[in-house]
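Chain and residue survey
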Amino acid sequence: MTLLSAQSLAARLPDFLIAGPGHALAWEGVRRRLAAGPLASLAARAADFFAAGHDGPQRLVGAVPFDPQAADALFQPAREGTVPAGAPGARGPALLPVQVRHEPPAAAFRAAVARATERIGAGEFDKIVLSRSLHLAASGDEEAGNLLARLRADTLATVFSVPLPGGRHLIGATPELLLERRGAQVFSHPLAGSARRSADPRADRAAAAALLGSDKDRREHGMAAEMVLDTLAPFCRRIAAEETRPVPTARMWHLGTRIAGELRDPDTPCAALLAALHPTPAVCGLPRAPALAALPGLEGYDRGFYAGAVGWLEASGDGCWYLALRCAELSATGARLYAGAGVVAGSDPAAEEAETSAKFLAMLAAFGIDESGNPMSPEE
Ligand SMILES: C=C(O[C@@H]1C=C(C(=O)O)C=C[C@H]1O)C(=O)O
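In this text, all values refer to a predicted model and were calculated from it rather than measured experimentally. (Residues numbered from 1 in each chain as written. Predicted model: local features only at pLDDT ≥ 70, side-chain atom pairs only at ≥ 80, totals over all residues. Heavy atoms only, no water.)

Here we look at the confidence of the model for the protein
Averaged over every residue, the pLDDT of the protein is 93; residues scoring 70 or more account for 93%. This complex was scored by the predictor with a pTM of 0.97 and an ipTM of 0.99. (pLDDT = per-residue confidence, 0-100.)

Set out below in structure tokens:
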């Protein structure tokens, strides 16, 4: 028996969905696939595609993986679809019994955080984002479309569903806009620095205030926001960052800084900006190159499309990309969930593990289970 049968995956998920406070759109069918390639060549491949004068919607939708050298997965959809309704307040019916395998085990994750802080102390990098994953398998059949409806209970997050090579799907509820280009205007909203929210309004406000006042979280955030600003600045005639604020999802606070700029050359396509930005220190580290090189050894796996980006490109050069966070990769044999946390000097391994646990709640609530595979308690 499998958690998600191949049939329920194909039958119940839209071919491409982005639904949240910023955008709500769905596309159906695959008209043509963009030849896959690394991020550095995406702008050229997309330009060739649009220049070829294909009929159909003048847009490419899909996902880019975390590793900028790995192959992306974009396609031209056949037609506009209907955004499916959410299920406000709903949580999963708990597909019990569910087996959950932790990769890496929690103790190994804490050891990796400790090793990373040593390497930060030795000057190898200033920040690195380490993740862990949960493999879910159950003795029931879940309809993937139901997971999506339940994810939409968090109206502060952007819910996405994107097909991946090999019949897999990536679904999630991300809080983070990586990049949007609308004409000459560009926007980004980097997040970094996190705290659990509380059901008690006073404790919840206190958690947000403590996050805003935390030296460790401000440093962690500052590295991400500054890198985004510094990377976009050469493309812009004007660019500005708003004040850093606590940004909520249903279960988490994050420190966020809105950035808005105006392109120097309005012909700079969204894909070129994406190639310059990804991966930011919100998901990778700073400086980027040594953090990227250290990640496979510290995490022990390939992230695939987790912490990559999901979004679209238009023939006009406009486009919009969200970070693929709070997500699960669904396949015919089960689901794999991912969550990461930024490590800087002074990071505590147990606190980083707790932060990843809090980030898993977004997806786990859709399945109705906790990290051990038991029914989720009502307080979660
Ligand atoms: C890496 C994740 O989230 C990112 C890391 C954050 C942090 O370290 O505080 C906050 C928001 C995201 O930019 C994740 O959700 O897996």
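What follows continues from the structure just given.
Some details on the site of the ligand
Taken together, 18 residues lie around the ligand, and Glu-176, Ser-194, Tyr-306, Arg-326 and Gly-340 are the ones closest in. Contact between the ligand and Gly-193: an oxygen atom at 2.8 Å from a main-chain N or O atom of the residue. In this structure, Glu-355 approaches the ligand through a side-chain N or O atom, which is 3.2 Å from an oxygen atom. In isolation the ligand offers 390 Å² of accessible surface; the protein chains occlude 100% of this area. (Near = heavy atom within 4 Å. Polar contact = N/O pair within 3.5 Å; in protein donor to acceptor, adjacent residues only side chain to side chain. Areas by Shrake-Rupley, 256 points an atom, 1.4 Å probe, with all protein chains shown as cover.)

Some words on empty space enclosed by the protein
Here the structure, examined in full by the defined rule, presents three cavities of 30 Å³ or more. For the largest cavity, the calculated volume is near 210 Å³. Ala-282, Leu-325, Arg-326, Gly-340 and Lys-359 are, among the 25 residues lining the largest cavity, the residues nearest its centre. Going through the elements one at a time, β6 (127-138), β11 (191-196), β20 (334-343) and α9 (349-367) are the ones with two or more residues in the lining of the largest cavity. (1 Å grid on protein atoms, 1.4 Å probe; cavity = no way out; pocket = protein on both sides within 12 Å on 5 of 7 lines; lining within 4 Å. Points joined across faces, edges and corners; volume = space filled by probe spheres on them. Helix = DSSP H or I, 4+ residues; strand = E, 2+ residues; numbered from the N terminus.)

Things to note about unusual backbone geometry
A cis amide bond, omega -5°, links Glu-103 with the succeeding residue Pro-104. Here Pro-104 lies in the loop between β5 (98-103) and α3 (106-121). Between His-278 and Pro-279 the backbone carries a cis peptide bond, its omega angle lying at 0°. With respect to the helices and strands, Pro-279 occurs in the loop between α7 (270-277) and β16 (285-286). The phi dihedral of Ala-307 falls on the positive side, at around 65°, and the residue is not glycine.

Topic: the environment of Ala-63
Relative to the helices and strands, Ala-63 is located in strand β3 (residues 59-64). In the structure, Ala-63 is positioned 98 residues away from Ser-161 in sequence and 9.9 Å away in space, judged by C-alpha atoms. Discounting chain neighbours no more than four positions away, the residues touching Ala-63 are Asp-72, Ala-73, Leu-74, Val-162, Leu-164, Phe-305, Ala-309, Val-310 and Trp-321. (Contact = heavy atoms within 4.5 Å.)

Some details on the sheet that holds strand β14 (residues 252-256)
Here three strands make up an open sheet; going across it, the order is β11-β14-β13 and the pairing antiparallel. Edge strands, defined here as strands with exactly one partner in the open sheet, are β11 and β13 (245-248). Neighbouring strand axes in the sheet, compared pairwise and without regard to direction, differ in orientation by 35° on average. In the sheet, β13 pairs with β14 via four bridges, with the strands oriented antiparallel. Among the inter-strand pairings, Arg-245 is bridged to a residue of β14, identified as Gly-256. The sheet contacts of helix α5 (residues 201-213) involve β11, β13 and β14, and relative to β14 the element is tilted by about 35°. (Pairing = 2+ DSSP bridges. Axes fitted to C-alpha atoms, helices over the stretch in contact; angles between N-to-C directions.)

Regarding the nonpolar core
Counting 71 residues, the largest nonpolar core has Phe-16, Leu-42, Ile-128, Leu-130 and Val-310 as the members making the most contacts within it. Residues contacting Phe-16, with those up to four places away along its chain left out, are Leu-25, Ala-26, Trp-27, Val-61, Gly-62, Phe-75, Ser-161, Val-162, Gly-311 and Trp-312. Listed in part, the 30 residues of the second largest apolar core include Ala-26, Ala-144, Val-159 and Leu-364. (Core = buried A, V, L, I, M, F, W, Y, C linked by side-chain atoms within 4.5 Å. Buried < 20%, exposed > 50% of the residue type's maximum accessible area, 1.4 Å probe, protein only.)

Focus on the pairing of strand β18 (residues 319-323)
Burial within β18 is extensive, with five of its five residues counted as buried. Side chains of β18 alternate between two faces, with Gly-319, Trp-321 and Leu-323 and Cys-320 and Tyr-322 buried alike. Bridge analysis of strand β9 (residues 177-182) against β18 gives four bridges, and the strand direction is antiparallel. Following the sheet pairing, Arg-181 is matched in β18 by Gly-319. When strand β17 (residues 309-314) meets β18, the two strands line up antiparallel, connected through five bridges. In the sheet register, Trp-312 faces β18, and the bridge partner there is Cys-320. Where β17 hands over to β18, the hairpin turn is made up of four residues, of which Gly-317 adopts a positive phi near 100°.

Some thoughts on the packing of aromatic side chains
One pass over the full model with this rule turns up three aromatic pairs. Ring geometry for Phe-49 against Phe-50: centres 5.7 Å apart, planes inclined by 85°, an arrangement best described as edge-to-face. For the pair shown, Phe-49 and Phe-50 are each scored as buried. Judged by centre distance (5.0 Å) and plane angle (5°), the rings of Tyr-306 and Tyr-338 are stacked. (Phe/Tyr/Trp six-rings, centres within 6.5 Å; stacked < 30°, edge-to-face > 60°.)

Observations regarding the side chain of Glu-176
Mapped onto the fold, Glu-176 is located in the loop between β8 (168-174) and β9. Lacking a salt bridge, the buried Glu-176 has Arg-326 as its closest oppositely charged neighbour, with an N-O distance of 6.1 Å. At 3.1 Å, the side chain of Glu-176 and the backbone nitrogen of Leu-191 are in polar contact. Sequence-distant contacts of Glu-176, defined by excluding residues within four places in its chain, comprise His-189, Pro-190, Leu-191, Ala-282, Tyr-322, Leu-323 and Leu-325. (Lys, Arg positive; Asp, Glu negative; His and termini not counted. Salt bridge = Lys/Arg side-chain N within 4 Å of Asp/Glu carboxyl O.)

So, the side chain of Thr-280
Mapped onto the elements of the fold, Thr-280 is located in the loop between α7 and β16. Sequence-distant contacts of Thr-280, defined by excluding residues within four places in its chain, comprise Leu-178, Met-227, Val-228 and Gly-285.

Examining the pattern of salt bridges
If you walk through the whole model with that rule in mind, you get 21 salt bridges. One salt bridge connects Arg-219 with Asp-215, and the closest N-O pair in it is separated by 3.2 Å. Here Asp-215 and Arg-219 lie together in helix α6 (residues 215-232), a separation of four residues that amounts to about one turn. Classification of Arg-219 by relative accessible area gives partly exposed; the value is 32%. The exposure class assigned to Asp-215 is exposed, which follows from its relative accessible area of 53%. The closest approach of N and O atoms between Lys-216 and Asp-217, which form a salt bridge, is 3.8 Å. One exposure class covers both Lys-216 and Asp-217, and it is buried. It is possible to trace a salt-bridge network through shared partners that takes in Lys-216, Asp-217, Glu-220 and Glu-352.

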